[in-house]
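# Structural features, examined
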Amino acid sequence: MDVTVFGATGAIGSLTVDRLLAAEHTVTAYARNPAKVPARWGEQVKVVIGEVTDAATIDDAVAGADAVISALGPSMDRKATGTPLIEGTGHILDAMKRHGVRRFVGHATPAVLDPQEKPTLVTRLVGFMPRTFMPRAYDEITGMSNQIMSSGLDWTIVRFIAPKDGAAKGRIRSGYFGTDKLGFAITRADIATFTADQIGDNRYLHRAPAVSN
């Protein structure tokens, strides 16, 4: 498949691109800073440089794709202002509709509930902390997710709590709080694997599974 990845040079995004390449997909990587593009990609990846708010450049990156993955996440910098990822996600979804691209896979935390999930102590805690101490980031991630869920596209949102560096463990639990056995931590490598694999898997279509090791 031809897959466009936004947030492609981030810690999880770059690993997601690696996973897609290993599965022999064709990848277009959308990045803000060309200096962060990994040298290991070489000529394997088409790189598009642009801001997340640049609708025209986003449109060009989405054209011809079979699926879109967004590894974008809110800045944790307390000095950050505005909610550019809400605008950017809107541009991505609009471009997908213009070009007839149906499959979208994104990221969030359990502060965003699956449509069929009931709040638990964990989801309440994960929602309370950012809503109280990082309200801008909370507004951004919920705003992004609300747009995705109401887009009418074939979306999946992968949720996680505590991403860690390190090698993939190869053991990924996925499901929903309140009904499935889930932990807190998961390696970024395993998040990337699960995310990349969703483009060819309809098990979590229109769902927001949580993942952990």
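Residues numbered from 1 in each chain as written. Predicted model: local features only at pLDDT ≥ 70, side-chain atom pairs only at ≥ 80, totals over all residues. Heavy atoms only, no water.

### Structural notes on the overall build of the protein chain
For the protein chain, the count of helices and strands is 6 helices and 10 strands. Taken against the 2.2 N^0.38 rule, which gives 17 Å for 213 residues, the C-alpha radius of gyration of the protein chain at 16 Å falls within 12% of a compact globule. Referenced to the eigenvectors of the C-alpha coordinate spread, the extents of the protein chain come out at roughly 45 × 35 × 30 Å. In the protein chain, which comprises 213 residues, the proportion classed as buried is 50%. Pairs at least 24 residues apart make up 72% of the contacts formed inside the protein chain by residues separated by at least 6 positions. Carbon and sulfur atoms make up 52% of the accessible area of the protein chain, which amounts to about 10000 Å² in all. A distance of 10 Å separates the average location of the 24 positive side-chain charges in the protein chain from that of its 22 negative side-chain charges. (Helix = DSSP H or I, 4+ residues; strand = E, 2+ residues; numbered from the N terminus. Rg over C-alpha atoms; globule rule 2.2 N^0.38 Å. Buried < 20%, exposed > 50% of the residue type's maximum accessible area, 1.4 Å probe, protein only. Contact = heavy atoms within 4.5 Å. Areas by Shrake-Rupley, 256 points an atom, 1.4 Å probe, with all protein chains shown as cover. Lys, Arg positive; Asp, Glu negative; His and termini not counted. Charge placed at Lys NZ, Arg CZ, Asp CG, Glu CD.)

### Overview of the pairing of strand β2 (residues 26–31)
Of all 6 residues that make up β2, 5 are buried, and the element is covered over most of its length. One crossover worth recording links strand β1 (residues 2–6) to the parallel β2 by way of helix α1 (residues 11–22), and it is right-handed. Pairing of β2 with strand β3 (residues 45–49), which is carried by 5 bridges, proceeds in the parallel orientation. Of the residues in β3, the one forming a bridge with A31 is I49. (Right-handed = clockwise from strand over helix to strand, strands pointing away. Pairing = 2+ DSSP bridges.)

### Some points on the packing of aromatic side chains
Where two aromatic rings form a pair, the distance of their centres and the angle of their planes describe that pair. Per the stated rule, a full pass over the model turns up 3 aromatic pairs. With a centroid separation of 6.3 Å and an interplanar angle of 75 degrees, the aromatic rings of Y176 and Y204 are classed as edge-to-face. With Y176 in the loop between β8 (173–175) and β9 (185–187) and Y204 in the loop between α6 (188–197) and β10 (210–212), the pair connects residues that are 28 residues apart, well separated along the chain. Among the residues examined, Y204 registers a relative accessible area of 6% and is labelled buried. Among the aromatic residues, ring-to-ring pairing joins Y176, F194 and Y204 into one connected group. The ring centre of Y138 lies 5.5 Å from the NZ or CZ of R131, which sits over that ring. (Phe/Tyr/Trp six-rings, centres within 6.5 Å; stacked < 30°, edge-to-face > 60°. Lys NZ or Arg CZ within 6 Å of the ring centre and 35° of its normal.)

### Side note on unusual backbone geometry
One non-glycine residue, E24, lies in positive phi territory at about 70 degrees. Examined against the element boundaries, E24 turns out to sit in the loop between α1 and β2. Residue classification places E24 among the exposed residues on the basis of a relative accessible area of 72%. A positive phi angle is found at H206, which is not glycine, with a value near 60 degrees. Inspection of the secondary structure assignment puts H206 in the loop between α6 and β10.

### Details of helix α4 (residues 121–133)
Here α4 is 13 residues long and its end C-alpha atoms lie 18 Å apart, about the 18 Å a rise of 1.5 Å per residue gives. Close packing links the buried residues of α4 with α5 (135–149). (Expected span 1.5 Å × (residues − 1).)

### Examining a nonpolar patch on the surface
Taken together, L125, F128, M129 and F133 make up a surface patch of nonpolar side chains, about 390 Å² in accessible area. A relative accessible area of 40% means that F128 is categorised as partly exposed. (Patch = residues over 30% accessible without salt bridge, like charges linked within 9 Å, V, L, I, M, F, W, Y side chains within 5 Å. Salt bridge = Lys/Arg side-chain N within 4 Å of Asp/Glu carboxyl O.)

### A word on a positive patch on the surface
Side chains of K169, R171, R173 and K181 sit close together on the surface and give a patch of like positive charge. Judged by its relative accessible area of 66%, K181 is exposed.

### Remarks on the pairing of strand β5 (residues 103–108)
The element β5 is largely enclosed, with a buried count of 6 among its 6 residues. The alternating pattern of β5 places R103, V105 and H107 on one face and F104, G106 and A108 on the opposite face, and all of these are buried. In terms of strand pairing, strand β4 (residues 67–70) meets β5 through 3 bridges, oriented parallel. Bridged to V68 within β5 is F104.

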